[in-house]
Structures are given as structure tokens and as C-alpha cells.
Amino acid sequence: MKLKADLAGQYYDQVRPIMTTDGTASTDLQKKYLDQALKVFTPKESPATEKIFNYSLARRISAELDATGWKPGK
């Protein structure tokens, strides 16, 4: 999203409570966030959510941790 680090941190803090347990956002939420951002930035064409949100690494790591039985805070 090309945000400055301090703004990105604030944004993350706002959306973290609604993220999934693996730290990603659902496809529905991604679309909602993208739709909202497009109202503000008004680009010439709307990018695909996959171009903005790429949680493949987070999901792969989460699956590996789940396979080992690891739980946050333990």
C-alpha cells in the first residue's frame, strides 16, 4: 500500500483484532479494505486483491507451526 512505516504500524494495530489466528485477513475483509482504499486513492483501474494482499508465506508458516503442535504464548 506504500504507506510510511508509522502509518503502516497504526493501520496494522487497527486491523489486527479482526485478522485470523495465522495473522492474515480473510478474502472478504481484504476486498472490503481494498474497496475502501479505492474510494480514497481513486486509481485508473482497480487492482486484484491478490496483487495487494499476499499471505501465502504467513499461511505456509502457520500450517508448519500447526503441524508441530505449536501454540502462541506457549
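Described in the following lines is the structure provided in the data block. None of these values were measured; they are calculated from a predicted model.

Rules of the game
Residues numbered from 1 in each chain as written. Predicted model: local features only at pLDDT ≥ 70, side-chain atom pairs only at ≥ 80, totals over all residues. Heavy atoms only, no water. Patch = residues over 30% accessible without salt bridge, like charges linked within 9 Å, V, L, I, M, F, W, Y side chains within 5 Å. Areas by Shrake-Rupley, 256 points an atom, 1.4 Å probe, with all protein chains shown as cover. Salt bridge = Lys/Arg side-chain N within 4 Å of Asp/Glu carboxyl O. Helix = DSSP H or I, 4+ residues; strand = E, 2+ residues; numbered from the N terminus. Buried < 20%, exposed > 50% of the residue type's maximum accessible area, 1.4 Å probe, protein only. Expected span 1.5 Å × (residues − 1). Core = buried A, V, L, I, M, F, W, Y, C linked by side-chain atoms within 4.5 Å. Contact = heavy atoms within 4.5 Å. Polar contact = N/O pair within 3.5 Å; in protein donor to acceptor, adjacent residues only side chain to side chain.

1. Focus on a nonpolar patch on the surface
- A cluster of nonpolar side chains, namely Leu57, Ile61, Leu65 and Trp70, defines an oily patch on the protein surface of about 350 Å² accessible area.
- Looking at where Leu57 falls in the secondary structure, it is placed in helix H4 (residues 56–68).
- Under the relative-accessibility criterion, Leu57 is labelled partly exposed at 47%.

2. Some details on H4
- For H4, spanning 13 residues, the distance from its first C-alpha to its last is 19 Å, which sits close to the expected 18 Å at 1.5 Å a residue.
- Positive phi appears at Gly69, one or two residues downstream of H4, with a value of about 85 degrees.

3. Observations regarding the pattern of salt bridges
- Following the criterion strictly, the structure yields one salt bridge and no others.
- Lys31 is paired through a salt bridge with Asp35; the nearest N and O atoms lie 3.3 Å apart. Of the two residues, Lys31 and Asp35 are both situated in helix H2 (residues 27–41); the distance of four residues between them amounts to about one turn of the helix.
- Given the relative accessible area of 33%, Asp35 is considered partly exposed.

4. What to know about the nonpolar core
- Formed by Val15, Met19, Ala25, Leu34, Leu38, Phe53 and Tyr55, the largest nonpolar core amounts to seven residues.
- Filtering out sequence-adjacent residues up to four positions away, Phe53 remains in contact with Gln30, Tyr33 and Leu34.

5. Observations regarding the environment of Asn54
- Of note, Asn54 is situated in the loop between helix H3 (49–52) and H4.
- Since its relative accessible area comes to 60%, Asn54 is described here as exposed.
- In sequence terms Asn54 and Ala25 are 29 residues apart; their C-alpha atoms lie 9.9 Å from each other.
- A polar atom in the side chain of Asn54 sits 2.7 Å from the side chain of Ser56.

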